[in-house]
Amino acid sequence: MKQILMVLFKDIEYDARVQREAIALADGGYEVTICCLNEHDTEPPFLHELITIHKLSISTKQAKKGMVAGPSRKPSFVTKVVRSPLIKLAKDQYAGYEFYTKVKQVMGGHQIDAVHCHDLNTLPAGKRLAAHFGGKLVYDSHELFNEMTGRNNVDRRYGYFIEGKLLKQVDRLISVNPFLLDKFKKRYGELPPSIYLQNIPLLRDEKDRKNNQYFHHLYGLSTDKIVLLYQGGFSRNRGIELCVNAMKQLDEQYHLVLLGDGDIKGDLEKLVTENHLDSRVHFHPKVSPAEILSLTKEADIGLVMYENVSENNYYSTPNKIFEYMLMGLPVVSSNHPGKAYLLEEYDFGLAVDETEDAIVRAIKAIGQRRDYYVQKCHEASKVLNWPNESRKLTHMYNELLP
């Protein structure tokens, strides 16, 4: 049985894409080991009898937990020093090397036929591991890593240098949509054999689409209220503030649920209160990938209003678009190539400008033809589903490891 080692520089618990890919390969007859970070101090989830998960603790991540000053959670002086570009780069290089040594130690004398690197922050370690174990190297770029919001110029320049250098040694390249592969080709020239795997969730049972009006019961809403949903991380430039502000132009019939957590949750709560929207904007704790679809289906319209502040935001195709579509939620998204191509081809929502007025108009337009858009969601789900998508992954590995 062929052995695949997946490396992930975060915790597997909330990474649905990595879980799906591992399960697809295990279903295809591969034995998969996932080495990831232990960020939540929890037992790894059971995914499949052919999947083994090792959650590793590294010193830089442990130190980071204590680097905030007091209950205000404001960065301490030490934190500010460590985040300076050159020191941060050195710290990241050390963390990557420490991760590599721990993975190598855990895997010991195991046979490894391929090392599957999830995102650029695992590629240097993955290259060393592939060389050490004599396996093939697969680079799975979930996004334009070097263009992520918050990357400083030193990070970005070094990232492009190392990505271009190591890409020449990659045996297979994976990304999430055709636009990202096109960006790779324009920057680096000829690429290794490549595929794109869209971030489509695994719908385990058709009956999962049944709506039980969970949010209506939880927040004491009458059944005629329309529930708008944003789910995912609460971070800047995802257009969450735009969605909250848009509520001021919508009447009492509309309620917004923000499902998730993140750095700007406190700012969002303050924004809601300042605009006197506490009775119509509701916060829900984040849930695991295994639970998310059971809550997604309880809303009426899904929002994906990422802001055009970086190429990564502009070309990204967030998981939530597919989550909404599979559960029959028409989508209102920002008019970016990585999102609009789905709505243009399958017509299960509207791509609009990143303004409050545009969001409001789209929500009302969908409300007037909601049955049409719901039907388009169901039609799209017959094509855009994980069984169809995962065949590309197993076919790629069957060619790579005949």
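Given the structure is predicted, the values throughout are model-derived calculations rather than measurements.

Conventions and cut-offs
Residues numbered from 1 in each chain as written. Predicted model: local features only at pLDDT ≥ 70, side-chain atom pairs only at ≥ 80, totals over all residues. Heavy atoms only, no water. Disulfide = S-S within 2.5 Å. Pairing = 2+ DSSP bridges. Helix = DSSP H or I, 4+ residues; strand = E, 2+ residues; numbered from the N terminus. Axes fitted to C-alpha atoms, helices over the stretch in contact; angles between N-to-C directions. Contact = heavy atoms within 4.5 Å. Parallel < 35°, antiparallel > 145°, perpendicular 65-115°, else oblique. Left-handed = near helix turned anticlockwise from the far one by under 90°. Nonpolar A, V, L, I, M, F, W, Y, C, P; charged D, E, K, R; others polar. Core = buried A, V, L, I, M, F, W, Y, C linked by side-chain atoms within 4.5 Å. Buried < 20%, exposed > 50% of the residue type's maximum accessible area, 1.4 Å probe, protein only. Salt bridge = Lys/Arg side-chain N within 4 Å of Asp/Glu carboxyl O. Phe/Tyr/Trp six-rings, centres within 6.5 Å; stacked < 30°, edge-to-face > 60°.

A. Expanded view of the state of the cysteines. Following the criterion strictly, the structure yields 0 disulfides and no others. In this structure Cys117 is a free cysteine whose sulfur lies 12 Å from that of Cys35, the closest cysteine sulfur available. Looking at the unpaired Cys377, the closest cysteine sulfur is the one in Cys243, lying at 17 Å.

B. A look at the sheet that holds strand 15 (residues 349-352). With respect to topology, 6 strands assemble into an open sheet ordered 12-11-10-13-14-15, the strand pairing being parallel. Of all the strands in the sheet, just strand 12 (281-284) and strand 15 have a single pairing partner and so form its edges. Neighbour-to-neighbour, the strand axes of the sheet open up by a mean angle of 20 degrees, direction not taken into account. Direction of pairing for strand 13 (residues 301-304) relative to strand 14 (residues 331-334): parallel, over a ladder of 3 bridges. The residue bridging Gly302 from the neighbouring strand is Val331, located in strand 14. The strands that helix 11 (residues 289-296) touches are strand 10 (226-231), strand 11 (254-259) and strand 12; relative to strand 10, the one it contacts most, it runs at about 160 degrees.

C. Focus on the packing of helix 4 (residues 85-107) against helix 5 (residues 123-133). The geometry of helix 4 relative to helix 5 is characterised by a closest axis approach of 9 Å and an angle of 30 degrees between their N-to-C directions. It follows from the interaxial angle that helix 4 and helix 5 lie roughly parallel. For the element pair helix 4 and helix 5, the recorded crossing hand is right-handed. Listed contacts from helix 5 to Gly96, Tyr97, Phe99, Tyr100, Val103, Lys104 and Met107 of helix 4 are Ala125, Arg128, Leu129, His132 and Phe133. Of the residues in the contact of helix 4 with helix 5, the class split is 8 nonpolar, 2 polar and 2 charged.

D. Structural detail: the sheet that holds strand 9 (residues 194-196). Read from one edge of the open sheet, 7 strands run 3-2-1-6-7-8-9, paired in parallel fashion. The open sheet has two edge strands with one neighbour each: strand 3 (51-56) and strand 9. Strand-to-strand twist across the sheet, computed as the mean angle between neighbouring axes with direction ignored, equals 20 degrees. Lying on the sheet, helix 1 (residues 16-27) is in contact with strand 1 (3-8), strand 2 (31-37), strand 3, strand 6 (114-118), strand 7 (136-140) and strand 8 (172-175); it crosses strand 1 at an angle near 180 degrees.

E. Representation of the nonpolar core in the model. Counting residues in each nonpolar core, the largest one holds 35 residues, and the members touching the most others are Leu5, Val7 and Val103. Residue assignment for this core shows that the elements contributing at least two residues are strand 1, strand 2, helix 4, strand 6, helix 5, strand 7, helix 6 (153-167) and helix 7 (178-188). When residues no more than four places from it in sequence are discounted, the contact partners of Val7 are Cys35, Phe99, Val103, Val115, His116, Cys117, His118, Thr122 and Leu129.

F. Structural context of the pattern of salt bridges. Scanning all chains against the criterion turns up 17 salt bridges. In this structure, Arg17 and Glu21 form a salt bridge, with 3.0 Å as the shortest nitrogen-oxygen distance. Here Glu21 and Arg17 lie together in helix 1, a separation of 4 residues that amounts to about one turn. Side by side, Arg17 and Glu21 carry an identical accessibility label, which is buried. Via salt bridges that share partners, Lys88, Lys91, Asp92 and Asp155 belong to a single interconnected network.

G. Here's a closer look at unusual backbone geometry. The residue Gln213 is not glycine, and still its phi comes out positive at about 55 degrees. Residue class for Gln213 comes out partly exposed when judged on its relative accessible area of 24%.

H. Structural detail: the environment of Gln253. Structurally, the position occupied by Gln253 is in the loop between helix 9 (240-246) and strand 11. Residue Gln253 is classed as partly exposed on the basis of its relative accessible area of 33%. Sequence separation between Gln253 and Lys225 is 28 residues, and the spatial gap between their C-alpha atoms is 5.0 Å. Residues within four places of Gln253 in sequence aside, it is in contact with Asp224, Lys225 and Ile226.

I. The packing of aromatic side chains, seen in detail. This model, assessed by the stated rule, comprises 14 aromatic pairs. Seen in terms of ring centroids, Tyr230 and Phe234 are 6.3 Å apart; in terms of plane orientation they differ by 40 degrees. Their pairing is tilted. Note on accessibility: Tyr230 and Phe234 belong to one class, buried. On the basis of an interplanar angle of 80 degrees and a centroid distance of 5.2 Å, the ring pair of Tyr372 and Tyr373 is categorised as edge-to-face. Using a relative accessible area of 5% as the deciding quantity, one classes Tyr373 as buried. Here a set of aromatic residues connected by ring pairs shows up, and it is made of Phe179, Tyr314, Tyr315 and Tyr341.

J. Here's a closer look at helix 14 (residues 337-346). Most of helix 14 sits inside the fold, with 7 of its 10 residues counted as buried. Those residues of helix 14 not exposed but buried are Gly338, Lys339, Ala340, Tyr341, Leu342, Leu343 and Tyr346. Positive backbone phi, at 60 degrees, marks Asp347, one or two positions downstream of helix 14.

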